[in-house]
Amino acid sequence: MSSSQRQFSLGAFLMQTGHHIAGWRHPDAQADAGSNFRHYVALARKAEAAKFDAVFLADAVGVRSTHLPSLARTARSDHFEPLTLLAALAAVTERIGLIATVSTSFNEPFNVARKFASLDQISGGRSGWNLVTSSGGAEALNFNRESHFAHALRYERAAEFHDVVTGLWDSWEEDSFVRDKQSGIYLDTEKLHVLGHKGTHFQVHGPLNVNRSPQGRPVVVQAGASDAGKELAARTAEVIFVAHQTFEEAKAFAADIGGRLARHGRRRDEVKIMPGIFPVVGRTQSEAEEKFEQLQSLVDPVVGLALLSTVLGDIDLSGHPVDGPVPELPETNGPKSRQQLLVDLARREGLTIRQLYLRIAGARGHQQVVGTPQQIADQLQQWFEEGAADGFNIMAPWFPGGLDDFIELVLPELRRRGLFRNEYSGHTLREHLGLRKPGHPKSASTIKDEDRLAA
Ligand SMILES: Cc1cc2nc3c(=O)[nH]c(=O)nc-3n(C[C@H](O)[C@H](O)[C@H](O)COP(=O)(O)O)c2cc1C
């Protein structure tokens, strides 16, 4: 392996008992994962020992569906608030990145800026913010609303929200806090920048009462794939999480993002595109298929149908024959791109409603690979080397076993091919991802750097 060989990034997408909707029923799964801190400590340390770039926590600010029969049979109703959990994990890990999902629809920018800046200080520069607008309609009911913000409006709010948060993160230049006991000067007010934001949706004066991030700023991640989602990501994201079914979709998405970045004066290497991958690994093909069929056999039809309804954007399918075709659907105000992805899949393969919910029971529309370590490595290598991805978000079917399989069986193959690191070379999330540390936009040294970079 030549030292210059490009390597990809890996995220460990942690989700309670695992990504497969019936994962909690796997005999080896940690069924109480959603309320078991020790479970997460073990997973985070495992991902760190395997040199993953980060652990990632998704979030919903509420129980996604109040359909009682499926609620009773699904292990998604209890989970820790992501920033609280990551702050605790920061204390029991050293190097692994810590990415939390926080919604711009149901939070205040000052609080979000402060929490991530604090997590970044606590973790020594390992935090990342997955900026979402919340795709589930039911979440709005927990925040003084009868219905969710309209899709376009919530992205408009998200854009301003992002600018306020990053503006607050730039309240202090490096070395602002001189703490000189002799002179009695605690901070250099020349290096203080008061935001004074007055916008359409937010009014935030600042400054932030947390010091500047050890990595310049926490890393901003996004996962929207509609036109509004891609436009916001192209202007603001450093990592883009995305779901794809085919290599062609992934390649087209990366090219689309590349074009949008240029329009925002950004270079392609300033952003890491990381599709989700749901790997079911076996030493042989049949062993992998056996593992997958074991999970599929645990899918309760009530749960499968409810999952599909949610992922399609809170679409009620109960009035349609489950062994009939997927009907024409009203456009959702929820996750527009995900609805389109599933409808395209169903049309492309002529799937019935039952076949579609079984198809997404594991990965909710993300790429699913059931195979040997070589087959999975082949797929990741192709997407990486042919420009469809810069890394992957690994979605283990069940925890801890599904992640153990990937670490024990697939990572050695990826390392043999020189595609993934053996050791961390950095300490911050940015260093792991190969992202530049942004200087303070108004500091003399940064302005000089920017001029030099622009030259
Ligand atoms: C890997 C990944 C993780 C996501 N995590 C969350 C999440 O934690 N909470 C959430 O509300 N939406 C989450 N989403 C959904 C996106 O934020 C977004 O709503 C969805 O991709 C649809 O985007 P669109 O409306 O721009 O099409 C995630 C999407 C992806 C691809």
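Residues numbered from 1 in each chain as written. Predicted model: local features only at pLDDT ≥ 70, side-chain atom pairs only at ≥ 80, totals over all residues. Heavy atoms only, no water.

K.L.:
Which parts of the structure should I look at to understand the site of the ligand?
P.N.:
Close to the ligand lie 25 residues; Asp59, Tyr155, Ala223, Ser226 and Ser337 are nearest. Taking Ala225, its main chain carries an N or O atom lying 3.2 Å from an oxygen atom of the ligand. Between the ligand and the protein, one listed contact pairs an oxygen atom with a side-chain N or O atom of Ser337 at 2.6 Å. Isolated, the ligand exposes 630 Å² of accessible area, and the fraction of that covered by the protein chains is 94%. With three residues, helix 10 (residues 336-349) is the largest single contributor of residues to the shell around the ligand. Residues that form the shell around the ligand fall into these classes: ten nonpolar, eleven polar and four charged. (Near = heavy atom within 4 Å. Polar contact = N/O pair within 3.5 Å; in protein donor to acceptor, adjacent residues only side chain to side chain. Areas by Shrake-Rupley, 256 points an atom, 1.4 Å probe, with all protein chains shown as cover. Helix = DSSP H or I, 4+ residues; strand = E, 2+ residues; numbered from the N terminus. Nonpolar A, V, L, I, M, F, W, Y, C, P; charged D, E, K, R; others polar.)

K.L.:
Explain the pattern of salt bridges to me, please; I cannot follow it from the model alone.
P.N.:
Opposite charge on two side chains permits pairing when their charged atoms draw close. As enumerated under the stated definition, the model contains 28 salt bridges in all. A salt bridge links Asp170 to Arg212; the shortest N-O distance between them is 2.9 Å. Of this pair, Asp170 sits in the loop between helix 5 (151-169) and strand 5 (197-198) while Arg212 sits in the loop between strand 6 (203-204) and strand 7 (219-222); the two residues are 42 residues apart in sequence, bridging distant segments of the chain. Accessibility expressed as a relative area gives 6% for Asp170, which makes it buried. A salt bridge links Arg416 to Glu413; the nearest nitrogen and oxygen atoms lie 2.7 Å apart. Of the two residues, Arg416 and Glu413 both sit in helix 13 (residues 401-416), three residues apart, roughly one turn of that helix. Using a relative accessible area of 63% as the deciding quantity, one classes Arg416 as exposed. Connected through shared salt-bridge partners, Asp227, Lys230, Glu231, Asp256 and Arg260 make up one network. (Salt bridge = Lys/Arg side-chain N within 4 Å of Asp/Glu carboxyl O. Buried < 20%, exposed > 50% of the residue type's maximum accessible area, 1.4 Å probe, protein only.)

K.L.:
How do you make sense of helix 4 (residues 109-123) when you look at a structure like this?
P.N.:
Given 3.6 residues per turn, any residue in an α-helix points the same way as the ones three and four places further on. With 15 residues, helix 4 ought to run about 21 Å at 1.5 Å a step, and its terminal C-alpha atoms sit 21 Å apart, in line with that. Of the residues making up helix 4, those classed as buried are Pro109, Val112, Ala113, Phe116, Ala117, Leu119, Asp120 and Ser123. The buried residues of helix 4 occupy an angular sector of 160 degrees when projected down its axis, which confines them to one face. Buried positions along helix 4 lie against helix 3 (82-90), strand 3 (97-103), strand 4 (127-132), helix 5 and strand 6. Immediately downstream of helix 4, the backbone of Gly124 shows phi near 70 degrees, a positive value. (Expected span 1.5 Å × (residues − 1). Arc of directions from axis to C-beta. Contact = heavy atoms within 4.5 Å.)

K.L.:
Looking at this model, I keep getting lost on the packing of aromatic side chains. Mind explaining?
P.N.:
The geometry of an aromatic ring pair is captured by the separation of the ring centres together with the interplanar angle, meaning the angle of the planes. Evaluation of the coordinates by the stated rule reveals 17 aromatic pairs. Ring geometry for Phe177 and Tyr186: centres 5.9 Å apart, planes at 70 degrees, overall edge-to-face. For Phe177, a relative accessible area of 17% corresponds to the buried category. Cluster of aromatic residues (ring-pair linked, three or more members): Phe8, Phe52, Phe384, Phe392, Phe406 and Phe420. The ring of Phe384 carries Arg6 above its face, with NZ or CZ at 4.1 Å from the centroid. One Lys or Arg, Arg157, reaches over the ring of Phe149 and ends 4.4 Å from the middle of that ring. (Phe/Tyr/Trp six-rings, centres within 6.5 Å; stacked < 30°, edge-to-face > 60°. Lys NZ or Arg CZ within 6 Å of the ring centre and 35° of its normal.)

K.L.:
Explanation requested: the nonpolar core in the structure shown.
P.N.:
Side chains of nonpolar character tend, in soluble globular proteins, to be buried together. Of all hydrophobic cores here, the largest spans 68 residues; its most connected members are Leu10, Phe52, Trp129, Phe392, Phe406 and Leu414. Each residue touching Trp129, except ones within four places of it in the same chain, is listed here: Ala100, Val102, Thr104, Val112, Phe116, Phe161, His162, Val165, Trp169, Val219, Val220 and Val221. Counting 22 residues, the second-largest nonpolar core is a separate cluster that includes Ile21, Val299, Ile315 and Ala361. (Core = buried A, V, L, I, M, F, W, Y, C linked by side-chain atoms within 4.5 Å.)

K.L.:
Is there a simple way to explain the environment of Gly128 in this structure?
P.N.:
Looking at the secondary structure, you find Gly128 in strand 4. With a relative accessible area of 0%, Gly128 lands in the buried category. Those residues in contact with Gly128, other than ones at most four positions away along the chain, are Leu98, Ile99, Ala100, Phe116, Val219 and Leu429.

K.L.:
Help me understand the side chain of Arg126 in this model?
P.N.:
Tracing the backbone shows Arg126 in the loop between helix 4 and strand 4. Despite its burial, Arg126 remains without a salt bridge, the nearest opposite charge being carried by Glu48 at 4.3 Å. For Arg126, the side chain forms a polar contact with the main-chain oxygen of Ala90, separated by 3.1 Å. Sequence-distant contacts of Arg126, defined by excluding residues within four places in its chain, comprise Glu48, Ala90, Thr93, Glu94, Arg95, Ile96, Gly97, Leu98, Asp120, Gln215, His427 and Leu429. (Lys, Arg positive; Asp, Glu negative; His and termini not counted.)

K.L.:
What exactly am I supposed to notice about the pairing of strand 11 (residues 391-394) here?
P.N.:
Sheet faces and side chains relate simply in a regular strand, where the side chains alternate between the two faces. A two-sided burial pattern is seen for strand 11, the buried positions comprising Gly391 and Asn393 on one face and Phe392 and Ile394 on the other. One ladder, built from four bridges, connects strand 1 (residues 9-14) with strand 11; its direction is parallel. In the strand pairing of strand 11, Ala12 is matched with Ile394. Pairing of strand 9 (residues 272-281) with strand 11, which is carried by two bridges, proceeds in the parallel orientation. Looking at strand 11, one finds that Ile277 is bridged to Ile394. (Pairing = 2+ DSSP bridges.)

These values are about where atoms sit, not about what they do.
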